[in-house]
Amino acid sequence: MDRYRRLKKNILQRKTTLEAWIRDLETRGVADPALTGRWREVLSRVSDSLEDELLRIAVVGSVKSGKSTLINALLARDVLKRGAGITTAFVTRVRTGREWGGWVELKPWDQIHDEVNRALRMLPLTNGETEDPPEVDLRELEDRERLRERIAEVQRAGRPEQGALNPHFLVLNHLLEGYPSMGEFVGREAVRRSFDEGSIGEHQRFVGTDAGAAYVRDVELHVPVSWLGEGIEIADCQGFDSPNPLHLGQVQQVLMGAHFILYVISSRVGLRESDFKLLELVKVLRMFPNTLFVLNVDLDGHADTADVQRLWDRVRQELGWMTTQPRVYAFSALLHLLESRGDEPTEAEASRLRFWLQNSEPAAVSGEGFESFRRELVHRVGQQRA
């Protein structure tokens, strides 16, 4: 504990020094205020982190790799939305505790108004315009129509930024699309919609699409997980290779504050070039010692366990370019979710589960991998707490 207190004191001293340098740069007028504002935001998170006793686990991976399904399997219940396509549009934090519950906090109108008009000013000018367009208010029908036409003009002009989607265009489009379903819930102040065990699934309507997530400021779910213990926060992140560039920025921010990483790899595709770009960030953050890799096995896509073993060997070999002795666990998250769920699965899911269990060898191997992963996770969580 003495070593921990000294480390904490040294970090706070460095934070104070950096804040003094920032003030000096601002006084001399040699730094962009927007940039120094972001520096201050990062430094404020340092203080928050030192006082925070939560152990944060980030669950990351590509789109449709099975991140939400893995978390649901750990929770033994379908809490997070899963399925085909991009179903995670906002980072959802799940905290382990004693009772079920949680909340979704929506942005106030002032914040939404500021985001809309800031994004509007950042769109490229069209038709020979030389001045920024007048401000709009999403609550006004006429302004929504004017904004819709403005977006259409930008699309017709066809000015992608270096082949990528314009993030300002996306902000406007999502807020405009989400207004019919979300506008009625937004207030002058930030509004929280609370959930209990019976209603916890309602959070999915807010975070399952980009249009709904554009109105969300934060979301937190509370779930009892006896085998993992209390005070653990698991972040269900968007796919880092999502076509929405805003998602990658949110994933990076979560990784900056994480103590532990669960990196999910789909057995259908293995590792791709985009994986190595994110793994480079993990390396820069020196988080490989605190990273577990999950090869999420699609039991319908492999002929036998030998095929899974070959893929496991290949993934470990490829990860060897980034870190020595990567910890890779192979199992089907969906299999163990369906096995552990207390409610009745759909007929399609029940049929798949029966088929997998009848083909006993892959199911048994998956079970061994899942139990080994859980034991290691419990051990590492306890070790990290200490």
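The structure this text deals with has already been given above.
To keep things clear, this report deals only with the structure shown in the data block. The structure presented is a predicted model; accordingly, all values stated were derived computationally and were not measured.

**Some points on the nonpolar core**
- Leu70, Leu138, Leu262, Phe373 and Leu377 are the most contacted members of the largest nonpolar core, which totals 99 residues.
- Among the elements that take part in this core, helix α6 (residues 167-182) stands out by supplying seven residues, more than any other.
- Aside from chain neighbours lying at most four places away, what touches leucine 138 is Trp109, Ile112, Val116, Arg144, Leu147, Leu175, Leu176, Tyr179 and Tyr215.

**Some points on the side chain of serine 266**
- Within the secondary structure, serine 266 sits in strand β7 (residues 260-266).
- Of the residues examined, serine 266 reaches a relative accessible area of 4% and is grouped as buried.
- Apart from the residues within four sequence positions on either side, serine 266 is in contact with Lys64, Ser65, Leu295 and Asn296.

**A short note on helix α13 (residues 347-358)**
- Its 12 residues give α13 an end-to-end C-alpha distance of 16 Å, which sits within 8% of 16 Å, the value for a rise of 1.5 Å per residue.
- Regarding α13, the residues found buried are Glu349, Ala350, Leu353 and Trp356. Looking straight down α13, one finds its buried side chains confined to an arc of 130°; they lie on one side. Within α13, the exposed residues directed more than 90 degrees away from the buried face are Glu347, Ala348 and Gln358.

**Concerning the packing of aromatic side chains**
- Scanning the entire structure with this criterion turns up eight aromatic pairs.
- Relative to tyrosine 263, the ring of phenylalanine 240 has its centre 6.3 Å away and its plane inclined at 45°; by these criteria the two rings are tilted. One end of the pair, phenylalanine 240, is in the loop between β6 (232-236) and α9 (245-256); the other, tyrosine 263, is in strand β7, with 23 residues separating them in the sequence. Taken individually, phenylalanine 240 and tyrosine 263 each receive the classification buried, so the pair is uniform in this respect.
- When the ring of tyrosine 329 is compared with that of phenylalanine 373, the centres are 5.8 Å apart and the planes differ by 65°; the resulting orientation is edge-to-face. One end of the pair, tyrosine 329, is in strand β9 (residues 328-331); the other, phenylalanine 373, is in helix α14 (residues 360-385), with 44 residues separating them in the sequence.
- For tyrosine 329, a relative accessible area of 13% puts it in the buried group.
- One aromatic cluster in this structure is built from Phe240, Tyr263, Phe288 and Phe293.
- Of note, arginine 205 hangs over the ring of phenylalanine 206, and the distance from its end group to the ring centre comes to 5.6 Å.
- The side chain of arginine 374 reaches across the aromatic face of tryptophan 227, ending 4.3 Å from its centre.

**Digging into the pattern of salt bridges**
- Scanning the model with the defined rule gives 29 salt bridges in all.
- Salt-bridge contacts for arginine 40 lead to glutamate 26; the nearest nitrogen and oxygen are separated by 2.5 Å. Separated by 14 residues along the polypeptide, arginine 40 in helix α2 (residues 33-51) and glutamate 26 in helix α1 (residues 2-28) bring together distant segments of the chain.
- With a shortest N-O distance of 3.1 Å, aspartate 143 and arginine 146 are connected by a salt bridge.

**Concerning the environment of leucine 285**
- Among the structural elements, leucine 285 can be located in the loop between α10 (273-284) and β8 (291-296).
- Beyond its immediate chain neighbours, meaning those up to four positions away, leucine 285 contacts Leu255 and Met256.

**Some thoughts on the sheet that holds strand β5 (residues 216-223)**
- Read from one edge of the open sheet, nine strands run β4-β3-β5-β2-β6-β1-β7-β8-β9, paired in mixed fashion. Of all the strands in the sheet, just β4 (191-195) and β9 have a single pairing partner and so form its edges. Going from strand to strand, the sheet's axes swing by 20° on average, the running direction of each strand aside.
- Of the pairings in the sheet, the one linking β8 to β9 comprises four bridges and is parallel in character. Looking at β9, one finds that phenylalanine 293 is bridged to valine 328.

**Quick notes on the pairing of β6**
- Within β6, five of the five residues are buried, which leaves the element mostly enclosed by the surrounding structure.
- Neither face of β6 is exposed, since Ile232, Ile234 and Asp236 on one face and Glu233 and Ala235 on the opposite face are all buried.
- Sheet topology note: the strand β1 (residues 55-61)/β6 ladder contains five bridges and is parallel. Bridge pairing in β6 links leucine 55 to isoleucine 232.
- Where strand β2 (residues 92-96) meets β6, four bridges bridge the pair, whose relative direction is antiparallel. Bridge assignment links valine 94 to a residue of β6, and that residue is isoleucine 234.

**A short note on helix α12 (residues 333-340)**
- Counting buried residues along α12, six of its eight residues qualify, which places the element largely inside the surrounding structure.
- Its buried side turned inward, α12 meets α3 (67-75), β8, β9, α13 and α14.

**Concerning unusual backbone geometry**
- Despite not being glycine, alanine 76 shows a phi value in the positive range, around 60°.
- Along the polypeptide, alanine 76 turns up in the loop between α3 and β2.
- Phi at arginine 286 takes a positive value of approximately 60°, unusual for a residue other than glycine.
- Considering the arrangement of structural elements, one finds arginine 286 in the loop between α10 and β8.

The rules behind these values
- Residues numbered from 1 in each chain as written.
- Predicted model: local features only at pLDDT ≥ 70, side-chain atom pairs only at ≥ 80, totals over all residues.
- Heavy atoms only, no water.
- Core = buried A, V, L, I, M, F, W, Y, C linked by side-chain atoms within 4.5 Å.
- Buried < 20%, exposed > 50% of the residue type's maximum accessible area, 1.4 Å probe, protein only.
- Helix = DSSP H or I, 4+ residues; strand = E, 2+ residues; numbered from the N terminus.
- Contact = heavy atoms within 4.5 Å.
- Expected span 1.5 Å × (residues − 1).
- Arc of directions from axis to C-beta.
- Phe/Tyr/Trp six-rings, centres within 6.5 Å; stacked < 30°, edge-to-face > 60°.
- Lys NZ or Arg CZ within 6 Å of the ring centre and 35° of its normal.
- Salt bridge = Lys/Arg side-chain N within 4 Å of Asp/Glu carboxyl O.
- Pairing = 2+ DSSP bridges.
- Axes fitted to C-alpha atoms, helices over the stretch in contact; angles between N-to-C directions.

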